[in-house]
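Topology and contacts: notes
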Amino acid sequence: MKIKCDYCGNTYEDTQEKCPSCGAPNPSHQNSGKPKTIEELKEWYKNRNLPSYEVTRFFIGEDHKGPKAFGIYKDDNGDFVVYKNKADGERAIRYQGKDEEYAVNELYQRLKDEIVHQKQLNSNSRKGAFSSVSSKVFGNNTSGNKLAQLGTKIWIIAVIVILINSFLVTPFKNRHNGYYQYDSNVLYNYQGDWYYWDYTDWEPLEQLAGPDVAREVSKELESDYDEYYLSEKWNSSYSFDNWDNSSYYEEYHSNDTSDYNSDYDWDSNDSWDSGGTDWDSDW
């Protein structure tokens, strides 16, 4: 994908470390910790202390044939293939081509999403266990104790709220992250915030169009999710810049190596349950 140099105005491929015209560094190459090759992705995976591929179902550098698997490999023709094997064994190809960095990023982003998902599952499990213990403590008090009964009810309500938020509200909100087409415009949604591509940069939709227009656009887009969502069709041949290169992306993802990666470190005391993954969709 072509980017424009902030210093001399020259355009060049975003895979280059610096502008070939004036030598200014390419800002996108300063996202330290972001793997660009299959080998770098393997190293990133290893450094996060993640379980084996057979546990996480992410096969890096392998053409895994079994069901329920994500993966990336280089085929005999030199193409990089990013795939997902569904529960019934059917394969969905996310990307196939010569751009290794792009291919790696596709699986990398999906792997990060799954780590967050698994951490959330573990967090919910711990909350549920704590609630169970608390209920037993309340239950051991004198029969008929109204305070104990009230405490039990409060915990039950709290658990219900947590479960609703974790399994309904949060996934519904997060699943809208991505690129959208609205008339002739391209928008990006991140955690409920909308950004508009003005042909030079990404800008907050609310700032450009006002809160009322932003709410109407958001309502219309989210009411027809299947028609507007473009992430599965996203590729580097589009004429507008990738969201990952925007300043707003950096607000959510630190450039510092330790901060950038620490959110995805895995605790060996946690369990990884790939049974909770949606294996029926193409991605």
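What you see as residue numbers is a count from 1 along each chain, following the sequence as written. With the structure being a predicted model, the display of local features is reserved for residues of pLDDT at least 70 and the display and counting of side-chain atom pairs for 80 or more, all residues being used for whole-chain, interface and lining totals. Neither water nor hydrogens contribute to the side-chain values; these are computed over all heavy atoms in the structure.

Let's shift gears to the overall build of the chain. Scanning the chain from terminus to terminus reveals nine helices and 10 strands. Only protein chains enter the calculation, and the probe is 1.4 Å; a residue is then buried if its accessible area is under 20% of its type maximum, exposed if over 50%, and partly exposed in between. When the 283 residues of the chain are sorted by exposure, 40% land in the buried category. Here the analysis covers contacts within the chain between residues at least 6 apart in sequence; of these, 50% occur between residues at least 24 apart. Secondary structure elements follow DSSP: runs of H or I no shorter than four residues count as helices, runs of E no shorter than two count as strands, and numbering proceeds from the N terminus. Note on definitions: a residue-residue contact is assigned when non-hydrogen atoms from the two residues lie within 4.5 Å.

Here, a strand pair is defined by DSSP locating no fewer than two bridges between the strands. Taking strand neighbours across the sheet as the criterion, the four strands line up as S3-S4-S5-S6 in an open arrangement whose pairing is mixed. Each end of this open sheet is capped by a strand with a single partner; those strands are strand S3 (58-60) and strand S6 (91-97). Taking the axes of each pair of neighbouring strands and ignoring which way they run, one obtains an average angle of 10 degrees across the sheet. One ladder, built from six bridges, connects strand S5 (residues 80-85) with S6; its direction is antiparallel. Bridge pairing links Val-81 to Gln-96 in S6. Strand contacts of helix H1 (residues 38-47): S3, strand S4 (69-74) and S5, with the helix running at about 135 degrees to S3, the strand carrying the most contacts. To get an axis, a line is fitted to the C-alpha atoms, and for a helix only the part in contact is used. The angle between two axes follows their N-to-C directions and goes from 0 to 180 degrees.

Moving on, we come to the nonpolar core. Note on terminology: a nonpolar core comprises buried Ala, Val, Leu, Ile, Met, Phe, Trp, Tyr and Cys residues joined through side-chain atoms within 4.5 Å. Counting residues in hydrophobic clusters, the biggest one holds 30 residues, and the most contacted among them are Leu-50, Ile-60, Ile-72, Leu-107 and Ile-115. Secondary structure elements with two or more residues in this core: H1, S3, S4, S5 and helix H3 (100-139). Each residue touching Ile-60, except ones within four places of it in the same chain, is listed here: Ile-38, Leu-41, Lys-42, Tyr-45, Tyr-53, Ile-72 and Leu-107.

Here we take up H1. What H1 keeps buried is the set Ile-38, Leu-41, Trp-44 and Tyr-45. Looking down the long axis of H1, one finds its buried residues gathered within 115 degrees of arc, a one-sided arrangement. In this structure, H1 carries Glu-39 and Lys-46 as exposed residues pointing more than 90 degrees from its buried face. Two residues or fewer past H1, Asn-49 is found with a positive phi of approximately 60 degrees. The directions considered for the arc run from the helix axis to the C-beta atoms.

With that settled, consider the sheet that holds strand S8 (residues 185-190). With antiparallel pairing, the four strands of this open sheet are ordered in space as S7-S8-S9-S10. Pairing within the sheet leaves two strands with one partner each, and these edge strands are strand S7 (178-182) and strand S10 (202-204). Geometrically, the sheet is characterised by an average inter-axis angle of 35 degrees between neighbouring strands, direction not taken into account. Alignment of S7 against S8, held across five bridges, turns out to be antiparallel. In the strand pairing of S8, Tyr-179 is matched with Tyr-188.

Attention now goes to the environment of Ser-274. Considering the arrangement of structural elements, one finds Ser-274 in the segment after helix H9 (257-262). Sequence spacing of Ser-274 and His-117 is 157 residues, and the spatial spacing of their C-alpha atoms is 9.8 Å. Setting aside anything within four residues of it in sequence, one finds Ser-274 in contact with Val-55, Arg-57, Gln-118 and Trp-279.

Our focus in this paragraph is the confidence of the model for the chain. In this model, the chain carries a mean pLDDT of 75, and residues with pLDDT of at least 70 account for 64%. pLDDT is a residue-level measure of predictor confidence that goes from 0 to 100. Low confidence marks residues 129-144, where pLDDT is under 50. Its contacts with residues over four positions away, or in another chain, come to 10 contacts. Long-range and interchain partners of residues 166-174, a stretch whose pLDDT sits below 50, account for 12 contacts in this model, where long-range means more than four residues apart.

Right, let's talk about the pattern of salt bridges for a bit. By definition here, a salt bridge exists when the distance from a side-chain nitrogen of Lys or Arg to a carboxyl oxygen of Asp or Glu is within 4 Å. For the structure on display, the rule yields nine salt bridges. Residue Asp-63 pairs with Arg-91 through a salt bridge whose shortest N-O separation is 2.8 Å. On the criterion of sequence distance, the pair formed by Asp-63 in the loop between S3 and S4 and Arg-91 in strand S6 is long-range, its members being 28 residues apart. Using a relative accessible area of 28% as the deciding quantity, one classes Asp-63 as partly exposed. Here Glu-90 ties to Lys-86 by a salt bridge, and the two come within 4.0 Å at their closest N and O atoms. Overall, the relative accessible area of 45% leaves Glu-90 in the partly exposed class. By relative accessible area, which is 10% here, Lys-86 ends up buried.

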